Amino acid sequence: MRSPLLILAFCSSTFAGELIHEDFTAVELPKGWTTGGRAHSWTVVEGALQGVCAKDDDHGPAVFAPLAGRDLAVSCKVKLDEKGNCLMLIDGESAFGGSAHLLRVSIYGNTLAIAQDRGTPESHIEQGKLRAALAKEGRKVPPPTAEQLADPKFYRVERLASAPLQARPGEWIKLDVALRSNQVTVTVNDSQKLDAKGTVFDVAKSRLVFLIGQGKKLQIDDVRVSTP
């Protein structure tokens, strides 16, 4: 096993161009960072960014940080509530048109997962409208049909890899994400690794996103993003 110093030296030499370096020492959101969803959901508390999602929020609030590059190294620390719910996304130029979510790294309870988004922005919007309409009727969107999944334009989230999370909610969890071409590696607390290969990642990136699940609380600190 490499020593921590050797790991640090390797990462520094591989990804040298720093895009984001944020410790949330100021009381306001960092310059260029924006939020979406219910107002005042995100605040800086005791040197960390804290987000809270109301139980009646169907889509949790998000915080966005602009970035640029193709291959990226992303590092951060997150602390979840007792049930655990955190989603990190990397956006970029979709092969299906426009800027869209590409990579999803999620923690749901005790599960760590990597997924990718596929399909057109128009299909994404249409499905969102359908979901909202059915929700008013107390219904959920039915699973996609074989014909829909055979259509490359049909928007879907494809899980690429998952594993039991070797960390506990309520404690700070260190996440490192290395994205090179279509290959992604997620490392938890410098020990657990999860690898996956996607089909949409090898494009220009534009934004880092953190999203909270319904009725949850999330803290974020020590966010670093760099390029080769």
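Residues numbered from 1 in each chain as written. Predicted model: local features only at pLDDT ≥ 70, side-chain atom pairs only at ≥ 80, totals over all residues. Heavy atoms only, no water.

Participant: What's the story with the pairing of strand β11 (residues 173-180) in this structure? I'm lost.
Facilitator: Consecutive residues of a regular strand have side chains that alternate between opposite faces of the sheet. In terms of residue burial, β11 counts as a mostly covered element, since 6 of its 8 residues are buried. Sheet topology note: the strand β6 (residues 72-80)/β11 ladder contains 7 bridges and is antiparallel. Pairing of Ala73 across the sheet is with Ala178, part of β11. Hairpin remark: β11 followed by strand β12 (residues 183-188), antiparallel, with 2 residues in the connecting loop; positive phi at Ser181, about 55 degrees. (Buried < 20%, exposed > 50% of the residue type's maximum accessible area, 1.4 Å probe, protein only. Helix = DSSP H or I, 4+ residues; strand = E, 2+ residues; numbered from the N terminus. Pairing = 2+ DSSP bridges.)

Participant: In this structure, what is going on with the pattern of salt bridges? I would like to understand it.
Facilitator: Once the charged atoms of two side chains with opposite charge are near each other, the side chains can pair. The full count for this structure, using the stated rule, is 10 salt bridges. The salt bridge involving Asp23 is made with Arg224; its shortest N-O contact spans 2.9 Å. Remark: Arg224 occurs in strand β15 (residues 217-227) and Asp23 occurs in the loop between β1 (17-22) and β2 (34-36); sequence separation between them is 201 residues. Residue classification places Asp23 among the partly exposed positions, given a relative accessible area of 28%. Via salt bridges that share partners, Arg118, Arg156 and Glu158 belong to a single interconnected network. (Salt bridge = Lys/Arg side-chain N within 4 Å of Asp/Glu carboxyl O.)

Participant: Please explain the sheet that holds strand β14 (residues 205-212) as it appears in this structure.
Facilitator: The pairing of strands in a sheet happens through backbone hydrogen bonds and is either parallel or antiparallel. Read from one edge to the other, the open sheet built from 7 strands follows the order β2-β5-β14-β7-β8-β9-β10, with strand pairing classed as antiparallel. What marks the edges here is a single partner per strand, and that holds for β2 and β10 (156-164). Here the average twist between neighbouring strands, direction ignored, is 25 degrees. Across 9 bridges, strand β7 (residues 85-93) lies against strand β8 (residues 99-108) in antiparallel orientation. (Axes fitted to C-alpha atoms, helices over the stretch in contact; angles between N-to-C directions.)

Participant: Hey, could you run me through the nonpolar core in this one?
Facilitator: Generally speaking, soluble globular proteins have nonpolar side chains that are buried together. With 46 residues, the main nonpolar core has Val78 and Leu208 as its most contacted residues. Residue contributions to this core peak at 5 residues, all from β6. Excluding residues that lie within four positions of it along the chain, Val78 makes contacts with Cys86, Ile107, Glu171, Trp172, Ile173, Leu175, Leu218, Gln219 and Ile220. Of all hydrophobic cores here, the second largest spans 6 residues; its members include Ala62, Phe64, Leu89 and Leu211. (Core = buried A, V, L, I, M, F, W, Y, C linked by side-chain atoms within 4.5 Å. Contact = heavy atoms within 4.5 Å.)

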